[in-house]
Amino acid sequence: MGKNKIDFSRLIFTVMCSILSIVFIVPLIWMLSASAKLERDVMIYPIQWIPRDWNWIENFQKVWMENVPFSLFYWNSLKIAVIATLCTLVFSSMAAFSFAKLRAPGKGIMFGMMMSFMIIPEQATLVPRFIMIKWLGLYNTHEGIIIMLMFSMYFTFLMRQFMMGVHNDFIESAKIDGAGYFRIYAQIMLPLCRPILATAGIIKFIWTWNDYQNPLIFLFSKELYPLPLGIQFFRQEYSNNVSLMMMAAVSAIIPLIIVFVILQKQVINGITVGGVKG
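This one's a predicted model, so the numbers in the text were calculated from it and none came from an experiment.

Participant: Please explain the pattern of salt bridges as it appears in this structure.
Facilitator: Two side chains with opposite charge may pair up if their charged atoms get near one another. Applying the stated rule across the entire model yields 1 salt bridge. Where Arg129 meets Glu122, a salt bridge forms, and the shortest distance between an N and an O atom there is 3.8 Å. Residue Arg129 is classed as buried on the basis of its relative accessible area of 16%. Look at Glu122 and you get partly exposed, because its relative accessible area is 39%.

Participant: Even after reading the chapter, I still don't get the packing of aromatic side chains, so can you show me in this structure?
Facilitator: To describe a pair of aromatic rings, you give the distance between the ring centres and the angle between the ring planes. Summed over all chains, the structure comprises 16 aromatic pairs. Centre to centre, the rings of Trp64 and Tyr74 are 4.9 Å apart; their planes meet at 55 degrees, and the pair counts as tilted. In this pair, Trp64 sits in helix 3 (residues 56–65) while Tyr74 sits in helix 4 (residues 70–101), placing the two residues 10 residues apart along the sequence. Note on Tyr74: relative accessible area 11%, which makes it buried. Ring geometry for Phe97 and Tyr185: centres 5.9 Å apart, planes at 50 degrees, overall tilted. Taken together, the residues span a long stretch of sequence, with Phe97 in helix 4 and Tyr185 in helix 10 (residues 181–192) at a distance of 88 residues. Taking relative accessible area as the criterion, Phe97 reaches 4% and is therefore assigned buried. Aromatic ring contacts, followed pair by pair, group Phe60, Trp64, Tyr74, Phe205 and Trp209 into a single cluster. For Arg160, the ring lying beneath its charged end belongs to Phe111, and the centroid distance is 4.2 Å.

Participant: I would appreciate a short explanation of the state of the cysteines in the present structure.
Facilitator: A covalent bond bridging the sulfur atoms of two cysteines is what the word disulfide describes. The final tally for this structure, using the stated rule, is 0 disulfides. Left without a disulfide partner, Cys193 is nearest to the cysteine sulfur of Cys87, which lies 19 Å away.

Participant: Please explain unusual backbone geometry as it appears in this structure.
Facilitator: The general pattern is negative phi for most residues beyond glycine and trans for most peptide bonds. Even without being glycine, Asn140 reaches a positive phi, approximately 65 degrees. Considering the arrangement of structural elements, one finds Asn140 in the loop between helix 6 (126–135) and helix 7 (142–149). Take Asn140: its relative accessible area is 13%, and that puts it in the buried class.

Definitions and cut-offs
Residues numbered from 1 in each chain as written. Predicted model: local features only at pLDDT ≥ 70, side-chain atom pairs only at ≥ 80, totals over all residues. Heavy atoms only, no water. Salt bridge = Lys/Arg side-chain N within 4 Å of Asp/Glu carboxyl O. Buried < 20%, exposed > 50% of the residue type's maximum accessible area, 1.4 Å probe, protein only. Phe/Tyr/Trp six-rings, centres within 6.5 Å; stacked < 30°, edge-to-face > 60°. Helix = DSSP H or I, 4+ residues; strand = E, 2+ residues; numbered from the N terminus. Lys NZ or Arg CZ within 6 Å of the ring centre and 35° of its normal. Disulfide = S-S within 2.5 Å.

Everything listed is a geometric property; what it means functionally is a separate question.
Printed below as a string of structure tokens:
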């Protein structure tokens, strides 16, 4: 009876999750369908999930090859997101390694101060950041955006907590073999931290790719716009053409799906072959 009860509860949970997944995926399916339709067929009711007249290639060409420089917006987003994500993983993992495994006077106080700064909302620092970026001469540049996004207290905390679970025997053995701290970090700690690095990489890339606030405030040249601002500009040009808007949206989410699929596998593999905790 107990086993049947457990199986029945799992069945209910599975059914509920399936229903919720369908609810969440229906808008995505509609977006994919609308991006391949003629404009006159987008708002037809009942919905034609499979387009009667396919217009995918023509919509793709209009989005990428006509008046709005969509490919330039795409490249700007890739540049900012990739560089900011890689820099965040490097700097946050270095800081996390220092907080987790190195011995230094005042380390606990510094970590406590960092944690206290995390309660400050990002919007409260907009004015100081704007003044600093202007003073550095990086206003209206991608470099200014990247510098603001390349450091993260949140990911430093996240990686530090993960590294605390890595056994110190790995580090002590490396020290006996003559390895320095940088070699321990690069050749021992980073391979053992692949799960958290992959997780942080997914989150950071998605956050940066979808960031609208920072480019809106720190960029004013259309040639420097990333996709969130570019799609807004695209919307002004084609506000009456839903099929083109959906094609632009589909194009915008492709890198997110690719990054998620690739790094999700790394998370699973890293957990499987990660270091032994004890």
